[in-house]
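Working through the structure, step by step
Here's the letter readout for the chains.
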Amino acid sequence: MNDRFLRACRRQPVDRTPLWIMRQAGRYLPEYRELRQRVDFLTLCKTPDLAVEATLQPLRRFPFDASIIFSDIMLPLEALGCRMTFNPGPKLAEPVRTRAQVEAMTLRPMAEVVPYVGEAVSLLRRELDGKTPVIGFCGAPFTLSAYLVQGEGKEGFGKVKAMLFREPATLEHLLDKLTMAMTDYLRLQIAAGAQAVQIFDSWAGLLAEPEFRRFALEPVKRIVAGVRDLGVPVIYFVNAGPHLVDAAVEAESDVLGLCWRSPIGATFDRLGSRVAFQGNLDCHALFAEPAEVAARTTAILDAVGGRPGHVMNLGHGILPETPIASVEAMVSAVQSWTPRELAAAAEERA
Ligand code: 1CP
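Residues numbered from 1 in each chain as written. Predicted model: local features only at pLDDT ≥ 70, side-chain atom pairs only at ≥ 80, totals over all residues. Heavy atoms only, no water.

**Regarding the site of the ligand**
- Taken together, 23 residues surround the ligand, and among them Tyr32, Asp72, Tyr147, Ser202 and His316 come closest.
- In this structure, Asp72 approaches the ligand through a side-chain N or O atom, which is 2.7 Å from a nitrogen atom.
- At 2.7 Å from an oxygen atom of the ligand is found a side-chain nitrogen or oxygen belonging to His316.
- In the complex, the protein chains occlude 89% of the 890 Å² of accessible area that the ligand would expose alone.
- Classifying every residue of the shell around the ligand gives 13 nonpolar, six polar and four charged. (Near = heavy atom within 4 Å. Polar contact = N/O pair within 3.5 Å; in protein donor to acceptor, adjacent residues only side chain to side chain. Areas by Shrake-Rupley, 256 points an atom, 1.4 Å probe, with all protein chains shown as cover. Nonpolar A, V, L, I, M, F, W, Y, C, P; charged D, E, K, R; others polar.)

**Points about the side chain of Ser326**
- Structurally, the position occupied by Ser326 is in helix α15 (residues 324-336).
- In this view, Ser326 contacts Leu286, Ala288 and Val293; residues no more than four positions away in its chain are not counted. (Helix = DSSP H or I, 4+ residues; strand = E, 2+ residues; numbered from the N terminus. Contact = heavy atoms within 4.5 Å.)

**Structural notes on the pairing of strand β6 (residues 234-238)**
- When you tally the buried positions in β6, you get five out of five residues, the bulk of the element.
- The alternating pattern of β6 places Val234, Tyr236 and Val238 on one face and Ile235 and Phe237 on the opposite face, and all of these are buried.
- Where strand β5 (residues 196-201) meets β6, five bridges bridge the pair, whose relative direction is parallel. Following the sheet pairing, Val197 is matched in β6 by Val234.
- Handedness of the crossover is the feature at issue here: the chain leaves β5, passes through helix α11 (residues 209-227), returns alongside β6, and the resulting connection is right-handed.
- The sheet contact formed by β6 and strand β7 (residues 255-258) spans four bridges and is parallel. The residue of β7 that forms the bridge with Val238 is Leu258. (Buried < 20%, exposed > 50% of the residue type's maximum accessible area, 1.4 Å probe, protein only. Pairing = 2+ DSSP bridges. Right-handed = clockwise from strand over helix to strand, strands pointing away.)

**Some words on the layout of surface pockets**
- Each pocket or cavity is described by its volume, and for the largest pocket that value is around 1400 Å³.
- Residue lining of the largest pocket: 45 residues in total, with Arg23, Arg27, Asp72, Tyr147 and His316 positioned closest to the centre.
- If you tally residues by element for the lining of the largest pocket, the top one is helix α2 (residues 30-38), at three residues.
- Per-class residue counts for the lining of the largest pocket are 23 nonpolar, 12 polar and 10 charged. (1 Å grid on protein atoms, 1.4 Å probe; cavity = no way out; pocket = protein on both sides within 12 Å on 5 of 7 lines; lining within 4 Å. Points joined across faces, edges and corners; volume = space filled by probe spheres on them.)

**Examining empty space enclosed by the protein**
- The final tally for this structure, using the stated rule, is one cavity of 30 Å³ or more.
- Quantified by volume, the largest cavity comes out at close to 40 Å³.
- The wall of the largest cavity is formed by Val238, Gly241, Val245, Ala248, Leu256, Gly257, Leu258, Cys259 and Ser262.
- Put simply, the parts of the chain that give the lining of the largest cavity at least two residues each are α12 (245-248) and β7.
- Per-element tally for the lining of the largest cavity: the top contributor is β7, with three residues.

Set out below in structure tokens:
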């Protein structure tokens, strides 16, 4: 089995830095757009054969070192009675704004609500047959609450921040329910065969450190502790969070996913003995010419310098308009990088 991704998550030595890309299945791939013309997004997520097909599409083009099950962070919220549509982002039928709404949410077991996710994970494991490990995922409670309270994706998410300061106990009550739901959800995916899991805190960066600790980090700590006995690596991705990285280590995840704003070399210097890091090429860098993409990829690998515990990735999800040639340039830069080359290049410069 190709296990360099799992080895890097555990900070073990690897033959080369593993690479996968957040949102690697999706709209930048012509074959995904073709699939989406035939089926709507929810049907795609809820039909195991089709979800596996979408998951495998990027792997047929690129030699990525991990695959991530095709789904969405919002789907398991059906377990709490939330109804939504996608266009393309999630839109809630009824935003959650009051204490009474939070109290009315009762939690159903994930195995009943999203059995198709477990089925897709098992099917994917069989299809891959060890070619790459399978990553399961969930949204972090704070990020999920941002969508639930706002009702849709919106820069700023003013409504959840207002609730945080006006009615902190209501938000904490919602976060508690989401924490239990997501622990159950990750356990379901791991039981079905997921070999690592990622918790996406895409909106944690809206918070200053004290609020991050109370409303984002605390729930994630509980989820990490709640799946620890299952023995798979946990990745905690904190978007827009250079000011939160030092606190985020306390989640006790195996890997911290860095957004593109963090200087990865300096972050390794400071915290590399405590956690592995994933990232963090700016997703907009993929709009440069291929040679520039390769140079920027190499710069990140140089900054890490081959230290164990690095999973190469973007600093946020790949964008729909991204050219395929840029992904190819990133992949070959990762494949051809060696510390020895670095030394030779330095010698040449001298
Ligand atoms: O029209 C379409 O085809 C739907 C577009 C789409 C896709 C391809 C959505 C709606 N979700 C997804 C798949 C998805 N979402 C995956 C699996 C693909 C892969 O990684 O290979 C994953 C891991 C997610 C996770 C997700 N959904 C996040 C966390 C990651 C991140 O980028 O921060 C978030 C914030 C969402 C919400 C969401 N779902 C869809 C969209 C367009 C959005 C963003 C909405 C917004 O702007 O706030």
